[in-house]
Structure formats: C-alpha cells, structure tokens
Amino acid sequence: MLDNAVSAAVITADTYRIAAKEQLQTYANIMGLPLEVVISSEALQQAIKKHSDKKLILIDTAGRSQFNEFQVKELCDLLTVDFEIEKHLVLSATTKNRDAEEILKRFSVCAPDRIIFTKTDETSSLGILLNLLYKRKIALSYLTTGQRVPDDIIPASFGKLAEMLLR
Ligand SMILES: Nc1nc2c(ncn2[C@@H]2O[C@H](COP(=O)(O)OP(=O)(O)OP(=O)(O)O)[C@@H](O)[C@H]2O)c(=O)[nH]1
Ligand SMILES: [Mg+2]
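## Comments concerning the environment of Asp121
Assignment of secondary structure puts Asp121 in the loop between strand 5 (114–118) and helix 5 (126–136). Judged by local crowding, Asp121 falls into the partly exposed class, with 15 C-beta atoms found within 10 Å. Once the C-alpha coordinates of Asp121 and Gln147 are considered, the two residues, 26 residues apart in sequence, prove to be 9.5 Å apart.

Okay, here's the thing in structure tokens:
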C-alpha cells in the first residue's frame, strides 16, 4: 500500500484536527506522493479529477463521533462525490462491544465497504469484534498491530486473524 512504485496520491479532508494536515504532508513527502487538502465536496471532486491518472488515491477524513448526526451526514455527503470511492471504516479493536455495535449501526448510513481494525496490539478480546463483523456481514481490509508505519499495517487474512485470536 505504501510503496513508492505505486502511482498514487493522497487527499485529506481532515482540516479539523490540529496538525493533521502537517502530519500527512510529512508521510506524503517521505513516500514522494502529492498531497491535496480539500475543504468541500467540490474540492474533493477536483482533486480526484486532477489525479485521475493515478492507480490509487488515498483519501483521509476527519474522525467523527457516531452520535454526531450532522457530522456523520456531512461525511456521507462528502464521500458520495464519486461512486468509485471504496470506504473503509476505521475502528479501534479496543472499542467496547456496545459502542462498536453503535458505531457500525450509525456509520452504516455511509455504506462502508470494509472495516480496518486498529490497535489490535492493545487488546486481548478480538473475538467480540469478529462476532460483530459476522453479524453485520462486513469484511475486514486491514489490521494494525502497532504504531510503526507501514510495518504495523497488515492486510487482513484468515491466517493472521487466527494467529491473533490464538495468541
Ligand atoms: N498501539 C497502537 N497504536 C496505534 C495503532 N494505530 C494507530 N495508533 C496510534 O493511535 C494514535 C492516533 O492515530 P491516528 O492515525 O491519528 O488516528 P485517527 O483515527 O486518524 O484519528 P482522528 O483523525 O483524530 O480520528 C497515534 O498515536 C497512532 O500511532 C495500533 O495499531 N496500535
Ligand atoms: Mg485521522
């Protein structure tokens, strides 16, 4: 995913968190990838068009509470500018079962295609979240196992999951 040989671009719509843009700019510089900062659906559309020659465009959005309906809707609207956008909902594996259920329920209005479980190194109860994925019939895309980028970002596979569940 974070390979220089891939023709890629990065877009961030996170202008909310302090220094989020600067952090991604640093990663983009290291990878030699262009970064676009967008503040509206129109700008996102333009940035996607600008990089339409790329094989991969990674789009980051601001973290939102599942209970903030206005922000969740704003996020959904932003992501409808292009039907080809594959949406990955990022969920910490340390999230309590009830909260995780609520997050999946409330973000389902954005129709996420996949889930990314982060912080799998910070919990020993992965099974609960896997049950939830089974119930919701949604697949995992990546798992993260620590803070190293990109070493701790791992494509989800049955083998890796089984290894984690049995540790
Ligand atoms: N231990 C551990 N830390 C992680 C993992 N993934 C992310 N982190 C840490 O969690 C913190 C937050 O990571 P971010 O990537 O900024 O999280 P985010 O979801 O983009 O946050 P918002 O954009 O504010 O919603 C950072 O300090 C990361 O290093 C992981 O798998 N394990
Ligand atoms: Mg973020």
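## Let's talk about the sheet that holds strand 1 (residues 8–12)
Note on sheets: strands pair through backbone hydrogen bonds, and any given pair is parallel or antiparallel. Ordered by their spatial adjacency, three strands build an open sheet running 2-1-3, and the pairing between neighbours is parallel. A strand with exactly one partner marks an edge of an open sheet, and here the two such strands are strand 2 (35–37) and strand 3 (56–60). Along the sheet, successive strands turn relative to each other by an average axial angle of 20 degrees, direction set aside. The sheet contact formed by strand 1 and strand 2 spans three bridges and is parallel. By the bridge assignment, Ile11 is partnered in strand 2 with Glu36.

## Observations regarding the environment of Lys137
Tracing the sequence through the fold places Lys137 in the loop between helix 5 and strand 6 (139–144). The spacing of Lys137 and Lys105 is 32 residues in sequence and 12 Å in space, taken between C-alpha atoms.

## Observations concerning the nonpolar core
Membership of the largest hydrophobic core comes to 15 residues, with the highest contact counts inside it found for Ala9, Ile11, Ala13, Leu44 and Ile57. Among the secondary structure elements, those contributing two or more residues to this core are strand 1, helix 2 (41–50), strand 3 and helix 3 (69–79). Discounting chain neighbours no more than four positions away, the residues touching Ala9 are Leu33, Pro34, Glu36, His51, Lys54 and Ile57. With nine residues, the next largest nonpolar core counts Ala100, Ile115, Phe117 and Leu143 among its residues.

## As for helix 1 (residues 20–31)
In this model, helix 1 (12 residues) spans 17 Å end to end at C-alpha, consistent with the 16 Å of a helix rising 1.5 Å per residue. Immediately beyond the C-terminal end of helix 1, within one or two residues, lies Gly32, with a positive phi of roughly 70 degrees.

## Quick word on the domain arrangement of the chain
Taken as a whole, the chain is organised into domain 1 (1–67) and domain 2 (86–167). A C-alpha centroid distance of 22 Å is found between domain 1 and domain 2. Across the contact, four residues belong to domain 1 and seven residues belong to domain 2. A breakdown of the residues in the side of domain 1 that touches domain 2 according to their chemical character gives three nonpolar, one polar and no charged.

## Focus on the pairing of strand 1
By the criterion of burial, strand 1 is predominantly enclosed, with five of the five residues buried. Residues Ala8, Val10 and Thr12 point to one face of strand 1 and Ala9 and Ile11 to the other, with burial holding for every one of them. The pairing of strand 1 with strand 3 spans five bridges and is parallel. Within strand 3, the residue paired with Val10 across the bridge is Leu58. Tracing the backbone out of strand 1, into helix 1 and back to the parallel element strand 2 gives a crossover that is right-handed.

Parameters and conventions
- Residues numbered from 1 in each chain as written.
- Chains lettered and ligands numbered in written order.
- Predicted model: local features only at pLDDT ≥ 70, side-chain atom pairs only at ≥ 80, totals over all residues.
- Helix = DSSP H or I, 4+ residues; strand = E, 2+ residues; numbered from the N terminus.
- Buried ≥ 20, exposed ≤ 12 C-beta atoms within 10 Å, placed from the backbone.
- Pairing = 2+ DSSP bridges.
- Axes fitted to C-alpha atoms, helices over the stretch in contact; angles between N-to-C directions.
- Core = buried A, V, L, I, M, F, W, Y, C linked by C-beta atoms within 7 Å.
- Contact = placed C-beta atoms within 7 Å.
- Expected span 1.5 Å × (residues − 1).
- Domains from an automatic or database assignment.
- Nonpolar A, V, L, I, M, F, W, Y, C, P; charged D, E, K, R; others polar.
- Right-handed = clockwise from strand over helix to strand, strands pointing away.

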